[in-house]
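Residue-level listing of the chains:
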Amino acid sequence: MKEIPQISEAEYEVMKVIWNYEPISTPEVVEKLSNKSDWKPNTIHTMLARLVKKKALHARKDGRVFIYSSLVEKDQYVEQKSKSFLQQFFGGTLHSMVLNFIENDQLSNEEISELKKILSMREKKEGEK
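Here's a quick rundown of the structure. Everything numeric here is computed off the predicted structure, so don't read it as measured data.

Here the focus is the nonpolar core. The biggest cluster of nonpolar side chains holds 20 residues, and the ones touching the most others in it are Val-14, Met-15, Ile-18, Val-29, Leu-48, Leu-51 and Leu-57. At the level of secondary structure, the elements contributing two or more residues to this core comprise helix 1 (9–21), helix 2 (26–36) and helix 3 (41–53). Residues contacting Val-14, with those up to four places away along its chain left out, are Val-29, Leu-33, Trp-39, Met-47, Leu-48 and Leu-51.

Set out below in structure tokens:
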């Protein structure tokens, strides 16, 4: 798997817009982020430039604007961040995290039922192989 750049929480918000609408122009990114945050256009431009420098985004000039597309797949990024989170807080094991939620009564009965369904579907899938 290719190396995925470190992306801050704010940059992640920019990436979510890119992933949802790519290819997307600078004015479109600014418009979409301005609708859901109090960021100024210059702040958004700075984050776009940082993401290009980090090789998370590709920018191509089209007339007077840049068109952005992602160089990092959303699924790859989420997988990497999930593994990093598990490693940092739960020694890299998913069962430790789930156990923590169960032991601290942080899962509702509905969530436990949903987990059981997911596991059951996974077992059926494995049985078909």
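Now that the structure has been shown, we can carry on.
A few words now on the layout of surface pockets. Vacant regions in the atomic arrangement are exposed by a probe of water-molecule size rolled over the atoms. A volume near 190 Å³ is recorded for the largest pocket. Every residue along the wall of the largest pocket is listed here: Leu-94, Met-97, Val-98, Ile-102, Ile-112, Leu-115, Lys-116, Ile-118 and Leu-119. Elements with a contribution of two residues or more to the lining of the largest pocket: helix 5 (94–103) and helix 6 (109–127). Here the lining of the largest pocket takes 5 residues from helix 6, the largest share from any one element. Looking at the lining of the largest pocket residue by residue, the classes come out as 8 nonpolar, no polar and 1 charged.

We now examine the sheet that holds strand 1 (residues 24–25). In sheet architecture, strand pairing relies on hydrogen bonds along the backbone and comes in two forms, parallel and antiparallel. Pairing is antiparallel across the open sheet formed by 3 strands, whose spatial order is 1-3-2. Of all the strands in the sheet, just strand 1 and strand 2 (57–62) have a single pairing partner and so form its edges. Sheet contacts for helix 1: strand 1, strand 2 and strand 3 (65–70); angle to strand 3, the most-contacted strand, approximately 90°.

Pairing analysis gives 6 bridges linking strand 2 to strand 3, with the strands arranged antiparallel. Considered in strand 3, the bridge of Leu-57 is made with Ser-70.

Calculation rules
- Residues numbered from 1 in each chain as written.
- Predicted model: local features only at pLDDT ≥ 70, side-chain atom pairs only at ≥ 80, totals over all residues.
- Heavy atoms only, no water.
- Core = buried A, V, L, I, M, F, W, Y, C linked by side-chain atoms within 4.5 Å.
- Buried < 20%, exposed > 50% of the residue type's maximum accessible area, 1.4 Å probe, protein only.
- Helix = DSSP H or I, 4+ residues; strand = E, 2+ residues; numbered from the N terminus.
- Contact = heavy atoms within 4.5 Å.
- 1 Å grid on protein atoms, 1.4 Å probe; cavity = no way out; pocket = protein on both sides within 12 Å on 5 of 7 lines; lining within 4 Å.
- Points joined across faces, edges and corners; volume = space filled by probe spheres on them.
- Nonpolar A, V, L, I, M, F, W, Y, C, P; charged D, E, K, R; others polar.
- Pairing = 2+ DSSP bridges.
- Axes fitted to C-alpha atoms, helices over the stretch in contact; angles between N-to-C directions.

As far as function goes, none of this settles anything; it's purely spatial.
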